[in-house]
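Per-entry structural report
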Amino acid sequence: MVNSSCKARFGKIMLEKMSIVHQEEIAPRIFSMDLQGQMVSQMKAGQFLHIRVPDDTKLLRRPISISEIDREQKICRIIYRIEGAGTEIFSQLQNGFQLDVMGPQGNGFDLSDLDKQNRVLIVGGGIGVPPLLEVAKQLNERGVEITTVLGFATKEAVILDDELSRFSQVFVTTDDGSYGIKGNVSVVINEFDTDFDAIYSCGA
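Residues numbered from 1 in each chain as written. Predicted model: local features only at pLDDT ≥ 70, side-chain atom pairs only at ≥ 80, totals over all residues. Heavy atoms only, no water.

Ranked by internal contacts, the top residues of the largest apolar core, which has 26 residues, are V120, I122, L139 and Y200. A per-element tally of this core places helix α2 (residues 131-141) first, with 5 residues. Look past the residues within four positions of L139 in its chain and what remains in contact with it is L111, L114, V120, I122, V144, I146 and Y200. The next biggest cluster of nonpolar side chains, apart from the first, holds 24 residues, and it includes M18, I64, I78 and I82. (Core = buried A, V, L, I, M, F, W, Y, C linked by side-chain atoms within 4.5 Å. Buried < 20%, exposed > 50% of the residue type's maximum accessible area, 1.4 Å probe, protein only. Helix = DSSP H or I, 4+ residues; strand = E, 2+ residues; numbered from the N terminus. Contact = heavy atoms within 4.5 Å.)

The strand order across the open sheet built from 5 strands is β11-β10-β9-β8-β12, with neighbouring strands paired in parallel fashion. Two strands close off the open sheet at either side, each with one partner strand: β11 (181-182) and β12 (198-202). By the bridge criterion, 6 bridges tie strand β9 (residues 145-152) to strand β10 (residues 169-174) in an arrangement that is parallel. For V149, the partnering residue across the bridge sits in β10 and is F171. (Pairing = 2+ DSSP bridges.)

Turning next to the pattern of salt bridges. In the structure shown here, the tally under the stated rule is 10 salt bridges. Ionic pairing is found between K17 and D100, a salt bridge with its closest N-O pair at 4.0 Å. Of the two residues, K17 is situated in strand β2 (residues 13-27) and D100 in strand β7 (residues 98-105); the sequence distance between them amounts to 83 residues. With relative accessibility at 17%, the residue D100 sits in the buried group. Residue E163 is joined to R77 by a salt bridge in which the shortest nitrogen-to-oxygen separation is 2.7 Å. Of this pair, E163 sits in helix α3 (residues 161-164) while R77 sits in strand β6 (residues 75-81); the two residues are 86 residues apart in sequence, bridging distant segments of the chain. When its relative accessible area of 10% is taken as the criterion, R77 is described as buried. (Salt bridge = Lys/Arg side-chain N within 4 Å of Asp/Glu carboxyl O.)

In this model, G103 is joined to P104 through a cis peptide bond whose omega is -10°. The residue P104 is located in strand β7 in this model. Even without glycine at this site, R29 takes up a positive phi of about 70°. Mapped onto the secondary structure, R29 falls in the loop between β2 and β3 (30-36). In the Ramachandran plot, K74 falls in the positive-phi region, its phi being about 55° despite a non-glycine side chain. Among the structural elements, K74 can be located in the loop between β5 (62-70) and β6. Judged by its relative accessible area of 27%, K74 falls in the partly exposed class.

Here we come to the side chain of S32. Along the chain, S32 turns up in strand β3. A polar atom in the side chain of S32 sits 2.8 Å from the side chain of R77. Sequence-distant contacts of S32, that is, excluding residues within four places in its chain, are made with H22, Q23, E24, I26, R77, I78 and I79. (Polar contact = N/O pair within 3.5 Å; in protein donor to acceptor, adjacent residues only side chain to side chain.)

For the rest of this paragraph, the subject is the environment of D100. Distance in space between the C-alpha atoms of D100 and E16 is 5.9 Å, their sequence separation being 84 residues. The residues contacting D100, other than those within four sequence positions of it, are L15, E16, K17, H50, I51, R52 and R61. A distance of 2.8 Å separates a polar atom in the side chain of D100 from a polar atom in the side chain of R61.

This brings us to the environment of I146. Mapping I146 onto the fold places it in strand β9. The exposure class assigned to I146 is buried, which follows from its relative accessible area of 6%. Between the C-alpha atoms of I146 and L164, which are 18 residues apart in sequence, the distance is 10.0 Å. With residues up to four places along the chain from it excluded, the contact list for I146 reads V120, I122, A136, L139, N140, F167, S168 and Q169.

This part covers the environment of K116. Relative to the assigned elements, K116 resides in the loop between β7 and β8 (119-125). Considering only alpha carbons, one finds K116 and P28, 88 residues apart in sequence, at a separation of 37 Å. Sequence-distant contacts of K116, defined by excluding residues within four places in its chain, comprise R142, G143 and V144.

Here it is as structure tokens:
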């Protein structure tokens, strides 16, 4: 059940207690968390959330991008990497815990002019890959032909390549060649002879 008793509006931005419904570690120190709340209905691909750390010594909210949006279930997915004490606390939270969330924030990606006649290139690097998953999903629903190139440091850091492959052709590069193609994303992109109608990128 969605808890909306502690919800307030600030223009288009909402402040809400969102419930954790699932969390798991998907790569070393990288976690996927599903949050449920009313503000999911307002989210767009490419936006982010400002989440308060449940520790009074941590004053600043942590900005975390939205990876997937399920408006029917009012669930969004975020993916974050442990970078300090705040995100370390997030990683230890259990299902049912309610996080103080402000959002959705940012302009997001404009996908409105694209359809089955278009070809799109998606380029992501490291922890910048997660917000591109919802982009690929929505473009796929529009019938857009998608090519995705992802860059990571090592095999251990690779995330979401399997999930993105449901919606697009995926190429993966790693700096050390331990997975996919050795090098950075430009090694792959420079070989393309396709004229893309749009390019969406984050973290690359």
